[in-house]
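Residue-level listing of the chains:
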Amino acid sequence: AAMMYCTDWRAYGLAAAPFVGGVTLSGVHDLAPMPYFSYNVDLKLDAAEAARLSPADFAPTTTAPLLIACGAMETSEFLRQSDLLWEAWPQVRRPASAPMFIADTHHFSVVLEYARPESALTQATLGLLR
């Protein structure tokens, strides 16, 4: 979702972003550390490519609200990534108080919050569409 916020949608014949809001859920917004990560054997990123693909290094091209959420039990890097995008993009923050860190969830369970209509994540996501 974050790279959609950095896209110049006019280049695709649209007057504005073709969405009213977005959610980044345990997202990777700064790829600078990736060349040093063991999985880079498969990704083959160098520093320049990592910078080119890092949403936090760009300004959003829209003011559509963005919900930045993460499982509270994620690794410190995922928590940092959420905080980083929060700080980098104040013009799209929703809710306006802080990124959402969903208690008792991690990378593989946080999405299950959407199965609970009453969950804070579900309600905040629906709030983007109201």
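This is a predicted model, so every value here is computed, not measured.

1. Remarks on the overall build of the protein chain
Working step 1: Across its full length, the protein chain carries five helices and four strands.
Working step 2: When the helices and strands of the protein chain are placed in sequence order, the string is α-β-α-α-β-α-β-β-α.
Working step 3: Relative to the globule expectation of 14 Å for 130 residues, the C-alpha radius of gyration of the protein chain, 15 Å, shows essentially globular dimensions.
Working step 4: Its C-alpha atoms give the protein chain principal-axis dimensions of roughly 40 × 40 × 25 Å.
Working step 5: Taking all 130 residues of the protein chain together, the buried fraction comes to 38%.
Working step 6: For the protein chain, contacts bridging at least 24 residues in sequence account for 66% of all contacts bridging at least 6.
Working step 7: Only carbon and sulfur atoms are counted for the fraction: they give 62% of the accessible area of the protein chain, which is about 7500 Å².
Working step 8: The positive charge centre, built from 8 side chains, and the negative charge centre, built from 13, are 8 Å apart in the protein chain.

2. Describing the layout of surface pockets
Working step 1: Estimates place the volume of the largest pocket at around 230 Å³.
Working step 2: Around the largest pocket, the lining residues are Val28, Asp30, Pro33, Met34, Phe37, Tyr39, Thr75, Glu77, Phe78 and Gln81.
Working step 3: In the lining of the largest pocket, the residues fall into six nonpolar, two polar and two charged.

3. Let's talk about the environment of Ala72
Working step 1: Here Ala72 lies in the loop between strand E2 (66–71) and helix H4 (76–88).
Working step 2: The sequence separation of Ala72 and Ala103 amounts to 31 residues, and the corresponding C-alpha distance is 5.1 Å.

4. Topic: the packing of aromatic side chains
For any pair of aromatic rings, the description consists of the separation of the ring centres together with the inter-plane angle of the planes.
Working step 1: This structure, assessed with the given rule, holds five aromatic pairs.
Working step 2: Their ring planes at 50° and their centres at 5.0 Å tell us that Tyr5 and Phe19 sit as a pair that is tilted. Of this pair, Tyr5 sits in helix H1 (residues 2–6) while Phe19 is found in the loop between H1 and strand E1 (22–25), placing the two residues 14 residues apart along the sequence. One exposure class covers both Tyr5 and Phe19, and it is buried.

5. A look at the pairing of E2
Put simply, side chains in a regular strand alternate between the two faces of the sheet.
Working step 1: Most of E2 sits inside the fold, with six of its six residues counted as buried.
Working step 2: Residue alternation in E2 divides its side chains into two sets, Leu66, Ile68 and Cys70 and Leu67, Ala69 and Gly71, and both sets are buried.
Working step 3: For E2 and strand E3 (residues 93–94), the ladder comprises two bridges, and the chain directions are parallel. When the bridges of E3 are listed, Leu67 appears paired with Arg94.
Working step 4: On the question of chirality, the crossover connecting E2 to the parallel E3 by way of H4 is right-handed.

Rules of the game
Residues numbered from 1 in each chain as written. Predicted model: local features only at pLDDT ≥ 70, side-chain atom pairs only at ≥ 80, totals over all residues. Heavy atoms only, no water. Helix = DSSP H or I, 4+ residues; strand = E, 2+ residues; numbered from the N terminus. Rg over C-alpha atoms; globule rule 2.2 N^0.38 Å. Buried < 20%, exposed > 50% of the residue type's maximum accessible area, 1.4 Å probe, protein only. Contact = heavy atoms within 4.5 Å. Areas by Shrake-Rupley, 256 points an atom, 1.4 Å probe, with all protein chains shown as cover. Lys, Arg positive; Asp, Glu negative; His and termini not counted. Charge placed at Lys NZ, Arg CZ, Asp CG, Glu CD. 1 Å grid on protein atoms, 1.4 Å probe; cavity = no way out; pocket = protein on both sides within 12 Å on 5 of 7 lines; lining within 4 Å. Points joined across faces, edges and corners; volume = space filled by probe spheres on them. Nonpolar A, V, L, I, M, F, W, Y, C, P; charged D, E, K, R; others polar. Phe/Tyr/Trp six-rings, centres within 6.5 Å; stacked < 30°, edge-to-face > 60°. Pairing = 2+ DSSP bridges. Right-handed = clockwise from strand over helix to strand, strands pointing away.

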